[in-house]
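Structure at a glance
What follows is each chain in one-letter form.
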Amino acid sequence: MKQPAFELRDVHYSYRLHGQSVPALRGMNLTIQQGEMVAIQGPSGSGKSTLLYLLGCMLDADRGLIRILGHEVGRLGDREKAYFRNRQLGFVFQQFHLLTSRDVLGNIVLPASYPLESPGPKKDYRARAKAIAERLGLGERLSHKPQELSGGQQQRVAIARALIRDAPVILADEPTGNLDSKSSEEILNLLKELHYEGKTVVIITHSKEVAAQCQRTIWIRDGQVVEGEDRTPPVAVERAFDFPRLTGLGFWNLLRESLPQALDNLWRNRTRTLLTMMGVVVGVASVLSMITLGTFTKDKILQSYATLGINTLAFNAYPNWALQAKDVQGPMFQSLNIDRDMKPLPKIFPEIRRIAPHYADGMYSAIYSGRSIQNEILVTGINEDTFPITRRELAMGSPIQPFHVRNKSSVCVIGFEVAERLFQRQNPIGEPIVVAVDEANFSCVVIGVSKPMYAKERRFRPDLEVSVPYTYFLSLPVGWWQRGLREMLIEVDASADVEMTGKKLQAFFEKRYGKAGRFSASSNTVLVAQMRRFLTLFTVLLGCIAAVTLIVGGMGITNMMLVSVNERLREIGLRKALGASNQAIRQLFFAESLFLCFTAGLFGLGMGVLAYQGLIYTGSQFMENLRYEWVFNAWAFIIAFVAILLTGILSGLGPAVKAEKLQVIEALRSE
Ligand code: ADP
């Protein structure tokens, strides 16, 4: 059964303008048979163009039925309509609508790249385009740009473009409106030729001469057909036509079709492209370098703390001075008992690896054969575990051993500065020194010298310490207060939580002594944890500031792409008319902004590495304990990469959707 080319039943269409509806078609009825050549005439504003865009599947009717080659347009999706325009309909416009960036050949083959969704291999349409151009007398002009051609030649290019897909229907909107009479005649003859070959030709025209050459003229006025019913018997041509399965746009289709276009467009506006990319380059570079530097600084600072031991804690026990007399139950707490309170602890808390009592008394003087250090010496009573717990190492000699503790040996390990000042170049090992305060004094034999050690606080000066076995310390005439055990140094297993152990110990002694004592655990770990939190926050803050830079850069891209949409309105309209689905248009703009962002992002990553390495190098020139090194922070790269991706997507979204939403008719009419 032969289907009419076009069948319209009671079709209505209104434009919406500032909330008002402007009716253009009001109940149009029309049949055009296959193989006809029909002119559509009517006064300006009667709805001719609107009709043509409805016939071209570029507008959707508000009401009524439109059937083209047996297919009901209202039931077709966006992709099918795009496919339909591409394969069944060829458009010829009054303004030619050629892409000025492409030569004649490029313009003729343009529809062949659409629709992107159609499956199967793409044929080479260039040979076919050349043949068609040859036939239309454009053989010599293939590499010319449209602006180098006359109006008649440009319109022939447009007709060649309409023929490239061998569409059975040609829709022409005032095809001779912009041409002189000679060119008009040529174009009209061309259209007639196509008609004789079996194509259906619909021409909108103002010209009586043009209309006279057609088989039939349909007059419309106020959006209705007023004259020119379907009377002529159709030329017998039959076309079977079915839709292929239109799949979604594959990634490779996107790359193959959209990216070259995107690149082409970016290249044509390269100054603008470059300036816009700068924003993202700077943004990405600052995200990468800020996060890397922040983490780098954090690690450097934490490293200096880690040397003091992160699985150790100091436990202190003091009388509760704030306790009221009436609250006191039982004896007042004075100090811990080493046998009852300290020695059993490792059994009660298995995570305790080492434990040492810490006794100390200050302001002593040290004397050795006429040389002395006045009132600066701190005498400490320790055991064999003290040095390992506090990570102290010996510069020479040997450490305090368990048998020294058992035997109350009068031996001592002296701080580095003590050794330097009392012995100068001499070897102190085996030499006796005298340690004195007020009238009391004692002597000990030096068995070891500890390495110089940095202390956080001035009052602890490990380099001015004289350490003796605590049993010996307790036998010395030190003050009553100093003989009480009020501090223990504890090392826990690496896997244990120091903070937890501290809290458990505190609870343990609070239970044992009640309110009489005040117990507290302090640990570098806690300090380090606080420091880490602070430094992490600091890094995040730096990253956020950098992110703002990136957002500004991304807004630059959005802005540029929006401008680009506006500049390319006609191009977008044309591509849609030639068979680009909305999705394909959206992808095109997405491809552009993604490409921009990724290229800029890659440069940004490079710049970022240069920036932070440069800063570390500069820093290493001014800070003695900072050495230059190569830094690679995987997380910073991951975050920067995600940021690039997000920027690309977010900055492309608005323009892409805007381009997609464009009505073909408005896009084509814009200048
Ligand atoms: P013709 O092609 O016969 O000159 P059109 O189809 O262009 O007529 O226009 C039909 C009617 O629709 C006119 O009244 C016109 O003002 C109106 N119209 C056309 N395009 C738009 C538009 N984009 N927005 C609002 N009204 C429009």
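Cut-offs used in this document
Residues numbered from 1 in each chain as written. Predicted model: local features only at pLDDT ≥ 70, side-chain atom pairs only at ≥ 80, totals over all residues. Heavy atoms only, no water. Near = heavy atom within 4 Å. Polar contact = N/O pair within 3.5 Å; in protein donor to acceptor, adjacent residues only side chain to side chain. Areas by Shrake-Rupley, 256 points an atom, 1.4 Å probe, with all protein chains shown as cover. Helix = DSSP H or I, 4+ residues; strand = E, 2+ residues; numbered from the N terminus. Nonpolar A, V, L, I, M, F, W, Y, C, P; charged D, E, K, R; others polar. Axes fitted to C-alpha atoms, helices over the stretch in contact; angles between N-to-C directions. Parallel < 35°, antiparallel > 145°, perpendicular 65-115°, else oblique. Left-handed = near helix turned anticlockwise from the far one by under 90°. Contact = heavy atoms within 4.5 Å. Core = buried A, V, L, I, M, F, W, Y, C linked by side-chain atoms within 4.5 Å. Buried < 20%, exposed > 50% of the residue type's maximum accessible area, 1.4 Å probe, protein only. Disulfide = S-S within 2.5 Å. Phe/Tyr/Trp six-rings, centres within 6.5 Å; stacked < 30°, edge-to-face > 60°. Lys NZ or Arg CZ within 6 Å of the ring centre and 35° of its normal. Salt bridge = Lys/Arg side-chain N within 4 Å of Asp/Glu carboxyl O. Lys, Arg positive; Asp, Glu negative; His and termini not counted. pLDDT = per-residue confidence, 0-100. Expected span 1.5 Å × (residues − 1). Arc of directions from axis to C-beta. Pairing = 2+ DSSP bridges.

Digging into the site of the ligand
Around the ligand, the structure places Tyr15, Val22, Ala24, Pro43, Ser44, Gly45, Ser46, Gly47, Lys48, Ser49, Thr50 and Arg669. Measuring from an oxygen atom of the ligand, one finds a backbone N or O atom of glycine 45 at 2.8 Å. When the ligand sits alone it has 550 Å² of accessible area, and the protein chains cover 74% of it. Within the residue set of the shell around the ligand, elements represented by two or more residues are β2 (20–32) and α1 (48–55). Element by element, the count of residues in the shell around the ligand is highest for α1, at three residues. Tallied by class, the residues present in the shell around the ligand amount to four nonpolar, six polar and two charged.

A few points about the packing of helix α18 (residues 569–577) against helix α19 (residues 582–622)
The angle between the axes and the distance between the axes are what describe a pair of packed helices. Across the interface, α18 lies against α19 with an axial gap of 9 Å and an inter-helix angle of 140°. Compared by their axis directions, α18 and α19 come out oblique. The handedness of the crossing between α18 and α19 is right-handed. Listed contacts from α19 to Ile572, Arg575 and Lys576 of α18 are Asn582, Ile585, Leu588 and Phe589. Partitioning the contact of α18 with α19 into residue classes produces four nonpolar, one polar and two charged.

Notes on the nonpolar core
Core analysis: the largest hydrophobic core is formed by 56 residues, its most contacted members being Leu336, Ile377, Ile414, Ile433, Val466, Met488 and Phe509. The contacts of isoleucine 433, once residues within four sequence positions are left out, are Ile367, Tyr368, Cys412, Ile414, Leu422, Phe423, Phe442, Ser443, Cys444, Val446 and Val466. Ranked by size, the runner-up nonpolar core spans 45 residues in total, among them Ile32, Phe91, Phe93 and Val202.

Let's talk about the state of the cysteines
Here is the idea: a disulfide is a covalent bond, and it sits between the sulfur atoms of two cysteines. Going through the model one piece at a time under the given rule, you end up with one disulfide. Two residues share a disulfide in this structure: cysteine 412 and cysteine 444, whose sulfurs sit 2.4 Å from each other. Taking the torsion about the S-S bond as the criterion, the cysteine 412 to cysteine 444 disulfide, at about 80°, is right-handed. Residue cysteine 412 is found in strand β16 (residues 411–414), and its partner cysteine 444 is found in strand β18 (residues 440–450); the two are separated by 32 residues along the sequence.

What about the packing of aromatic side chains?
Following the criterion strictly, the structure yields 20 aromatic pairs and no others. With a centroid separation of 5.0 Å and 85° between ring planes, the pair formed by phenylalanine 508 and phenylalanine 509 is classed as edge-to-face. Its relative accessible area of 21% is what places phenylalanine 508 among the partly exposed residues. Given a relative accessible area of 0%, phenylalanine 509 falls into the buried group. These aromatic residues form a ring-pair network of at least three members: Phe315, Phe333, Phe349, Phe508, Phe509, Tyr513 and Phe519. The ring centre of tryptophan 267 lies 4.4 Å from the NZ or CZ of arginine 270, which sits over that ring. The cationic tip of arginine 486 hangs over the ring face of tryptophan 481; the distance from NZ or CZ to the ring centre is 3.3 Å.

Some details on the pattern of salt bridges
Side chains that differ in charge, positive against negative, can pair when their charged atoms come close. Taken as a whole and judged by the stated rule, the model has 29 salt bridges. For arginine 512, the salt bridge is made with aspartate 341, and the minimal N-O distance between the two is 2.6 Å. A residue pair is termed long-range when its members are at least 10 positions apart, and arginine 512 in helix α16 (residues 498–513) and aspartate 341 in helix α10 (residues 338–342) qualify at 171 residues. In this structure, glutamate 376 and arginine 421 form a salt bridge, with 3.0 Å as the shortest nitrogen-oxygen distance. With a gap of 45 residues between them, glutamate 376 in strand β14 (residues 371–382) and arginine 421 in helix α14 (residues 416–423) connect regions that are remote in the sequence.

A short note on the side chain of glutamate 174
Its place among the elements puts glutamate 174 in the loop between β7 (169–173) and α6 (181–196). Summary of buried charges: glutamate 174 has no salt-bridge partner, and the nearest side chain of opposite charge, lysine 48, is 5.4 Å away. A distance of 2.6 Å separates polar atoms of two side chains, one belonging to glutamate 174 and the other to histidine 206. Apart from the residues within four sequence positions on either side, glutamate 174 is in contact with Gln94, Ile204, Thr205 and His206.

A few points about the confidence of the model for the protein
Residue-level pLDDT values for the protein average 85, and 90% of them are 70 or greater. Highest mean pLDDT in the protein belongs to β16 (96); lowest belongs to helix α8 (residues 251–268) (76).

Here we look at α16
In an α-helix, one full turn covers 3.6 residues, which means residues spaced three or four apart are oriented alike. For α16, spanning 16 residues, the distance from its first C-alpha to its last is 22 Å, which sits close to the expected 22 Å at 1.5 Å a residue. Along α16, the residues classified as buried are Val498, Thr501, Gly502, Leu505, Phe509 and Tyr513. Buried residues along α16 cover an arc of 100° about the axis, so they all sit on one side. Projecting away from the buried face of α16 at angles above 90 degrees are the exposed residues Lys503 and Lys511. Glycine 514 sits one or two positions beyond α16 and adopts a positive phi of about 60°.

Section: the sheet that holds strand β8 (residues 200–204)
Pairing is mixed in the open sheet, where six strands are placed in the order β6-β7-β8-β3-β9-β10. Edge positions in the open sheet fall to β6 (89–93) and β10 (224–227), since each of these has one partner strand only. This sheet shows a mean twist of 25° between the axes of neighbouring strands, independent of strand direction. Summarising the sheet, strand β9 (residues 216–221) and β10 pair through three bridges and their orientation is antiparallel. What sits directly across from tryptophan 219, in β10, is glutamate 227. The strands that α1 touches are β3 (37–41), β6, β7, β8 and β9; relative to β7, the one it contacts most, it runs at about 155°. The strands that helix α2 (residues 78–88) touches are β6 and β7; relative to β6, the one it contacts most, it runs at about 75°.

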